[in-house]
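A look at the structure
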Amino acid sequence: MIETTRRQIRIDGEPCIVMSGEVHYFRVAREEWGQRLDLLVGAGCDTVASYLPWIFHELPDGSIDVTGETRPERDVGAFIDLAAEKGLRFIARPGPFVMAELKNEGIPFRVCRDHPEIVPVGWDGAPAPSRTVDYLAPAFLAESGRWFDAIMPVLAPRLQPAGGPVIGVQLDNEVGMLAWVTNSPDLTDGLVESFGEFVRERHADAPPYAVLPGEAGWADLVRSPSEEAAGPLRLDLGLFMRRRFGDYVATLRRMCEERDVAGVPFFVNLHGTEGGNGAPFPIGISQLVDTYSGIPGMVSGSDHYLGEATLNTMTDLYVINAFMAAVHDDDQPLTSLEFEAGSGDYGAGAEMQYDPSTADLKTRLCLAQGNRLINYYLFAGGINPPLDEVVGDGNDRISFTGERHGTAAPVGPEGQRGYTYEATKRSIHAIKANEQWLSRMEEDHDDVSLGLVLDAYMTEYHHPGSALMTEVVDDLTSQRGAGERKALARSLLLGGFRYGAVHLERRDPEPGSTVLVGVGRYVSRTVQERLVGHVVSGGNVVLLGRLPERDLDGTPCTVLADALGIKPGEVVRDHGHYFPSLVAHGWAEPWPEMRAGWLQPLVHERGDVVLTDVYGAVCGVDVPLGEGRAIVLAAQVPSDPLLFDRALSSLGVGPGLRLETQWPGVFATTTSTADGQQALHVINTSGAAATVTVALDGTAIAAGTTLEVPGRTGHVLALGLDVAGRRVDWASAEVAAVDVDGTVRFRPGLDEDGGTTVVVDGTVVRLAQGEHTLHPPDGTPAP
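Residues numbered from 1 in each chain as written. Predicted model: local features only at pLDDT ≥ 70, side-chain atom pairs only at ≥ 80, totals over all residues. Heavy atoms only, no water.

Notes on the pairing of strand 1 (residues 2–5)
Which entries qualify depends on this criterion: In short, DSSP must find at least two bridges between two strands for them to pair. Numbering of helices and strands starts at the N terminus; helices are DSSP runs of H or I of at least 4 residues and strands are runs of E of at least 2.
Both strand 1 and strand 2 (residues 8–11) contribute to a ladder of 4 bridges, which runs antiparallel. Looking at strand 2, one finds that I2 is bridged to I11. Count of turn residues in the strand 1/strand 2 antiparallel hairpin: 2 residues, of which R6 carries a positive phi of about 50°.

What to know about unusual backbone geometry
What you tend to see is this: most non-glycine residues have negative phi, and most peptide bonds are trans. Our working definition: Buried, partly exposed and exposed residues are distinguished by accessible area as a fraction of the type maximum, computed with a 1.4 Å probe on protein chains only: under 20%, between the cut-offs, and over 50%, respectively.
The amide bond that connects G95 to the next residue, P96, takes the cis arrangement and shows omega of 15°. Tracing the sequence through the fold places P96 in the loop between strand 6 (89–93) and helix 4 (109–114). The linkage connecting E589 with the following residue, P590, adopts the cis geometry, with an omega of -15°. Notably, D260 is not glycine yet its phi reads approximately 70°, a positive angle. A relative accessible area of 60% means that D260 is categorised as exposed. Phi at A350 takes a positive value of approximately 55°, unusual for a residue other than glycine. Tracing the sequence through the fold places A350 in the loop between strand 10 (334–340) and helix 12 (358–368).

What about empty space enclosed by the protein?
Applied cut-off: Throughout, the protein atoms alone are placed on a 1 Å grid, and a set of points is a cavity if a 1.4 Å probe fits but cannot get out or a pocket if it is open with protein on both sides within 12 Å along at least five of seven lines; lining residues have an atom within 4 Å of a point. Grid points are joined across faces, edges and corners, and a volume is the space filled by probe spheres set on the points.
Across all of its chains, the model carries 6 cavities of 30 Å³ or more by this definition. Estimated volume of the largest cavity: approximately 180 Å³. Around the largest cavity, the lining comprises 18 residues; the ones closest to its centre are I55, E58, L59, D388 and E389. Of all the secondary structure elements, the ones that give two or more residues to the lining of the largest cavity are helix 2 (54–57) and helix 4.

Some remarks on the sheet that holds strand 14 (residues 442–443)
Read from one edge to the other, the open sheet built from 4 strands follows the order 14-29-30-34, with strand pairing classed as antiparallel. Across the chains shown, the open sheet's two edge strands, defined by having one partner strand only, are strand 14 and strand 34 (713–718). Bridging between strand 14 and strand 29 (residues 666–672) involves 2 bridges; their strand directions are antiparallel. Looking at strand 29, one finds that E442 is bridged to S672.

Geometry only, nothing functional implied.
Written as structure tokens, this is what we have:
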């Protein structure tokens, strides 16, 4: 039995951390499958994942081979069975779309040739620039049903509840991603007609359009909107596509269950990183939230390519996890279905080489935030086989990447151990050594959260010729999420705050809590009213960005500004030889004069001034409202833990962790189990060793012990763990293994002298540098 409950993954009743690696059987000769899987097992993984590409299994005559009759590598069942023989579980990713750098995104060429009506047009009726289709087109669903008829009977008898290794099935892949990256919505005739029905339902008898759904000209208005229609159309189309994607994934799940694939989690893979930048990632959450959020049996997984683990990318990753968790229910765990692994040299040109610690540092942060499944993508490379039909596209292979694929992976295309294999292996073994605690722990949070305004990420569709659509999207993009320059999220992290997020369109913040929100000119009435209600009832908010003036459809909406008694002025931006700078006042003092790219003058009826420009124009105020307060910072403020710590301290909120170190780059958080066990997670992303002291809830950890944390390392340190029948209240080294006789083995210690301090059952034990073993006392039972 496999279940997701209390944000855990439990297999046969036991919480676990699933450590998986992606190995594409279709890119590896069958006689080499075993060698690749042996390397995966040797690295410490317990699971293998793979796409099951329709395009690889369908032959030019339309028949489908999943048993190896035409090519041995097509025997999917044999690969899954071999994985099981080696003690590995399996995650199946059967599409229909799989991407995976495959031609036609993994869909057979024949499907679009035979059914041209499923191929969408976009803005102004232009052909879709990507290989997407209208997901709910009847012909596409029928063809997908043929593929499922072939592949699901391979999976059904191998499901975990039936005694097999298959612990999950991913439905499609990165749904909606192609339309986002090309800014080309799927505007087939059938979709436009369905959109019209949605508009009538949403707006009842008063749609805000000159041409009504069903009338002549409706399709033209949708594909080439006037400026009068642009505002509501952008919003309506985004909301409609959320519902449509939800209907599509629900249809795929039903198709699986009708073919006896049930009783395991169904995964949805969330896209959104772009060019190493994680800030756009919640676009994927926004597009796909209705496919999984709060739906039993559905689990979302992140798909992120962030590059090196740096202050910037680790901030992105923290926010990604917090925002994913914010839309989950109390049972849905965090997972990562495509967790970037390897060197980053995707083009095989020696153009990129990540530090080998990169995957380890990112893995540790994700696990500290509650991820229960990590699938390293791509773990092993391979060779792209030829297509069964000549298409004349320059290489006639299954993929556009050439002959060799996965050159950045820990295991190279020919099966050789790559540059990052050993580092990845060490990381996985370290995680598995702490699995008994990590699998049940949740991150501790202070009384502060980041506001997730999910509709601010509904920016995937905007007509390039619409000034209004462009203005709204630019405004939303610049201020949302972590705040401009990621100042909100990064300042909190570096200041020792442990925080989650609250989905402001659908949930109220915790009563009395403090919410930090990146805002701009366009914020929905729903969110504005929720923030006002939170403050009036005794909560606090910190707003960073322009004060909202309009709803998301472009209509005026000043609910928040009116409640605060603030009138925003015209934004002043730097230009030419003008360099606006900020001056601190009140609780923000002392703070050095700070250059800002822009600021917005505010006229306020009440409250205290906290920021002005050098000429006295107010751009930051602290305003009482009802039982709570709102701090408005209407300027481009940099990441600064000191400034935001002062802001939150003025609201009576402090970080549970006080982290002192000589330079930025060290992150820390704590996690706890329901039965009171706790761990400290310390991650040093900098390239230099850091001297670190930590206080928790006002008390110095280990009586103020100073830790020497090597550069580019992460550590899980006991703050109260039950280990082999003993209570470890503190250890300045990470547990590396627990032997069957109760011996505890540690990684190298972080004490200043290189040793390890362990407080076990109330007794302080010192292990000198080079000593890593804590032996059991006489009579201690084996775990």
